[in-house]
Each structure stands twice: as structure tokens, then as C-alpha cells.
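Residue-level structural notes
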Amino acid sequence: MNSFSATVEEIKSDEFFSCITVRTQETVLKLLKTQAPKWLRIGDEVECRIQEAAIAICKGAKEGSVSIENHLSGELQHFRKGVVLSEVSVNTPCGKLNSLITTDAFERMELCEGCNVTLLLKAVDIKLMPVLDSTSYEKCKDNLYQVKN
């Protein structure tokens, strides 16, 4: 599982979905949820998680030609080729992210260490987790452990 920290910049909701905008360094990503988590607030630091199989890779300019909004440019650092699947590690502004793609796709794109690629992350595939530190715990512990009298 890939993970990286980000800060919540915007939360927009309608009757069907919530669009959550997060920023990590200079990278802005959008996440779609059926409902924004009740704990989530603008300014919160969150951990974003995404499965390796949920990250698509493209090589070359694809801006505007795909429906996926989240594009992360990076350099392919390492790969492991199997008969069916290949694991690709890419250095991105969000840190190192791994993707699982078919070996056929890996070979068709002629991927190699050092080549530039773009990772495509679907907004519905990015999960959010709160980042809890000791001050966060102190702020919410009374709500977590309410004593019934």
C-alpha cells in the first residue's frame, strides 16, 4: 500500500458526492467520496493511501486526453518484471509510489529505469486516514472514551 501525507485544502459536497482537495508540497490531488468523513476539516493533515494496482502509468504527454485528474510526474527508479505483472517504483513529488501493471503493458511502453512517466490516480481510489499525534489524541480522547454513568 502506498501512502503519503497531505493537507486538506477544500471540501465541496452535493447530495451525491464530496470532492476533497488535498495538497502535498506543490502537488494538488482530488479525491471523490460518497460522503466526506465526519472527522475531516479544512487544514487537517491526512494520510493518503492508494493500492499499487490502482495506479496507472503513462509515458509521454497525455494531458487532457484522459478523464483521470490526478497526474503525478516522476522518474522510474526501479522495477521487477514477472511473467504476468510488473512492479514499478516511481519517485514523485509525493515520494516513492509503487504501481502494479501488466508485463505486456510494461514492455509495450518500453519502460526502463530513469525514464519519465506519469502516474494516474483515480479520485475514488485514494483513501484518507487522519494523522493523529499526541495533541490530536488529547483533543479527541474524551469523545473516543466517553464513560456512561
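Computed from a predicted structure; not experimentally measured.

Topic: the packing of aromatic side chains
Using the criterion set out here, one finds 1 aromatic pair in the structure. When the ring of Phe79 is compared with that of Phe106, the centres are 4.8 Å apart and the planes differ by 50 degrees; the resulting orientation is tilted. Within this pair, whereas Phe79 is found in strand E6 (residues 70–81), its partner Phe106 is found in helix H1 (residues 103–108), the two being separated by 27 residues in sequence.

Quick notes on the nonpolar core
Residues Ile20, Val22, Val46, Cys48, Ile57, Leu111 and Leu119 are the most contacted members of the largest nonpolar core, which totals 30 residues. Each residue touching Val46, except ones within four places of it in the same chain, is listed here: Phe4, Ser5, Ala6, Val8, Val22, Trp39, Leu40, Leu128, Met129 and Val131.

Looking at the environment of Asn2
Looking at the element boundaries, Asn2 is found in strand E1 (residues 2–13). Among the residues examined, Asn2 registers a relative accessible area of 3% and is labelled buried. As for Asn2 and Glu52, which are separated by 50 residues in sequence, their C-alpha atoms are 6.7 Å apart. Among residues more than four places away in sequence, those in contact with Asn2 are Cys48, Arg49, Ile50, Gln51, Glu52, Ile55, Lys96, Leu97 and Asn98. Of note is the side chain of Asn2, whose polar atom sits 2.8 Å from the backbone nitrogen of Asn98.

Scoring rules and cut-offs
- Residues numbered from 1 in each chain as written.
- Predicted model: local features only at pLDDT ≥ 70, side-chain atom pairs only at ≥ 80, totals over all residues.
- Heavy atoms only, no water.
- Phe/Tyr/Trp six-rings, centres within 6.5 Å; stacked < 30°, edge-to-face > 60°.
- Helix = DSSP H or I, 4+ residues; strand = E, 2+ residues; numbered from the N terminus.
- Core = buried A, V, L, I, M, F, W, Y, C linked by side-chain atoms within 4.5 Å.
- Buried < 20%, exposed > 50% of the residue type's maximum accessible area, 1.4 Å probe, protein only.
- Contact = heavy atoms within 4.5 Å.
- Polar contact = N/O pair within 3.5 Å; in protein donor to acceptor, adjacent residues only side chain to side chain.

Purely geometric stuff here, so don't read any function into it on its own.
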